[in-house]
Amino acid sequence: MFQQWFRRWNLSKSRPSTRGCGRWISPRLECLEDRTVLSFFGPPTFAVVNSPVAQAVGDFNGDGRSDLVLVNQGANTVSVLLGNGNGTFQAKTDYATGTSPAGVAVGDFNGDGKADLAVVNSGANSISVLAGNGDGTFQPKTDIALTLTPKALTTGDFNGDGNTDIAVATGNSTTDDVTMLLGNGNGTFQLPVTTVTDTAPVTAPFYAGRRSSISSADFNGDGHLDLVVVNNKDTNVIGKGGVVIGEQSLSGTVSVLLGNGDSTFQAPRNFALGSDPTSVAVGDFNGDGRPDFAVSNTASGSVSAFMNSGNANFSSSTMFLGTTTGILAAGDFNGDSVTDLAVPSTILSSTSGFSAVKLFNGQTGIGLQAGATYVPALSLPVAGDFNGDGHLDLAGIVSTGIDSSAIEPWLNNGNGTFPAPSLISAAGVALSSQATADFNGDGIPDLVTSSGQVQLGLGDGRFGDTTTLAFLFGSSVAAVDADGNGTVDILVGNPAYPNGQVAAWLNSPGFDNRTGGAVGFTISAPTQVTAGANTSVTVTAVDALGNPVPGFLGTVDLDSTPAGSTARNLLSQYTFTAADNGRHTFLISNLTQA
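Here the structure is a predicted model, which means the values were calculated and not measured.

## Remarks on the overall build of the protein chain
Along the backbone of the protein chain there are 0 helices and 48 strands. Of all 594 residues assigned to the protein chain, the portion counted as buried reaches 51%. A separation of at least 24 residues holds for 49% of the contacts in the protein chain among residues at least 6 apart in sequence. Surface accessibility of the protein chain: about 23800 Å² in total, with carbon and sulfur atoms responsible for 50%.

## Side note on the pattern of salt bridges
This structure, assessed with the given rule, holds 7 salt bridges. Note that Lys233 and Asp198 form a salt bridge whose closest N and O atoms lie 3.3 Å from each other. Of this pair, Lys233 sits in the loop between strand 18 (226-231) and strand 19 (235-238) while Asp198 sits in strand 16 (residues 193-199), placing them 35 residues apart in sequence. As far as burial versus exposure is concerned, Lys233 and Asp198 are alike and both buried. As a salt-bridge pair, Asp288 and Arg290 come within 3.1 Å of each other at their nearest N and O atoms. The class for Asp288 is partly exposed, based on a relative accessible area of 31%. Residue classification places Arg290 among the partly exposed residues on the basis of a relative accessible area of 35%.

## Here we look at the sheet that holds strand 11 (residues 126-130)
Taken in spatial order, the 4 strands of this open sheet run 9-10-11-12, and their pairing is antiparallel. At either end of the open sheet lies a strand with only one pairing partner, and these are strand 9 (101-107) and strand 12 (142-145). Taking each pair of neighbouring strands and ignoring which way they run, the sheet shows an average axis angle of 20°. Pairing of strand 10 (residues 116-121) with strand 11 involves 5 bridges; the strand directions are antiparallel. Bridge assignment links Ala118 to a residue of strand 11, and that residue is Val129.

## Some remarks on the sheet that holds strand 8 (residues 93-96)
Spatially, the 4 strands line up as an open sheet ordered 5-6-7-8, and their pairing is antiparallel. With partners counted over all chains shown, the strands left at the sheet margins are strand 5 (54-58) and strand 8, one partner each. The sheet shows a mean angle of 25° between the axes of neighbouring strands, direction not considered.

Quick notes on the rules
Residues numbered from 1 in each chain as written. Predicted model: local features only at pLDDT ≥ 70, side-chain atom pairs only at ≥ 80, totals over all residues. Heavy atoms only, no water. Helix = DSSP H or I, 4+ residues; strand = E, 2+ residues; numbered from the N terminus. Buried < 20%, exposed > 50% of the residue type's maximum accessible area, 1.4 Å probe, protein only. Contact = heavy atoms within 4.5 Å. Areas by Shrake-Rupley, 256 points an atom, 1.4 Å probe, with all protein chains shown as cover. Salt bridge = Lys/Arg side-chain N within 4 Å of Asp/Glu carboxyl O. Pairing = 2+ DSSP bridges. Axes fitted to C-alpha atoms, helices over the stretch in contact; angles between N-to-C directions.

Now the structure itself:
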């Protein structure tokens, strides 16, 4: 990546520049000098309400860019983040929902060509519909009452009238159900109609907080939309006096309901699952042109894959990942026209554990095959082209501190891989508490420690410019060129990782996924400044053609070190925000002649 340093600048000319140092002034207004420094995984994050429970992708302002909507169960809101088209997002805007929202879906419910939102409220037994204005904003909610508790929803035209309908996974203490709301095409809906998909065991009632998932596809090829819905059969744990004291995870089922094309369905076809199933994803995982589906079994730490052999006949297999699994995201990440699958998981041992995203690559004639394991945590992932390069990316939730969360986009490298640390073989790797290597190619040894501190050598035996990487506690490190691109990477070992594997933090100097395509800067300032006066300097991030880059989110340093020195005397820093749009004006006061 490029670390931008303000250097002492001669104000005799007002011209775009990234170099040029001359007569000094105090407090030393300085120009930009690029130093190539290490570029390890560090994507931008975008603040959201703490611990969202669901999200979806849509184009809410009609600009052709992927936007996000998140469900904030604790706050009774949804957050909309408009995409800038370069992998970054604008600040969130919140909209009220009903009590305890649990899921969201996007559709045009009133036929105006603008994306609307439908939110299921598990605490209010209702659906909130928020009509889109087409500019990224939404009207206040309109609530639709339900008789059962909603868990999740999907949209589609289930009766062939051209209007968008809503199918909801619902339930109560004794049944799992699907509730259908047919759209009238004007933002209103007909009365809900419910179909039972499974029933509770006789031993105990269903746990009220159990999760579910629902999706649609034409599984039997008759031109009518069908449904697949997860029946989570977790039950109450009853204590003294009949008080519910917990949840018992049990094996669930998944129901396939074949549509008749008139909003009615054939009897559910139920298939066995693992414990606490929570998420279903649909895609063509073996390239035969028929939609398949996969279900995440959270308590079993597994994924059940169902391959469609035709006419909605399915064969199943189970892939075991670890201790728990999370919400699934399906998409063709590597561009081979076969659907791949991203699976968040947590692997725990008696002494430690780690979170990961496991990628399964769909292969023609075969199905899902194990791919890369990315070791950062990323929950609730969704697939979308967030930077407009034609490749599907991922975006999910990360923790940014106590009671704080953020969206973190993983931009596709273009081949189905992502610029996040992944597990590779540890063969031949010698790990220790620290390692030295030239990470930034300046000929000076740099340092990485087992705590995640990466420091650049200053050339005089000292180290600075610290970058902190998120290593697990108890890690050890090595510095090698793991991917053979001529730059030194960092390999991290930890007892929590599988035997014989290390996490590879790949280093690509000169590239910074926070720059949004910026390769330099222009500086605009007065040609002369009177001693003691105030002035301003405007810095604009530009691409290789000199065009402004509104998505730049990097950091500039204000530094008072003489040009050409490898030492550093940092005065302050400024990190560009989305609101800057790649351009920031610095106000300089009380300038004096040096």
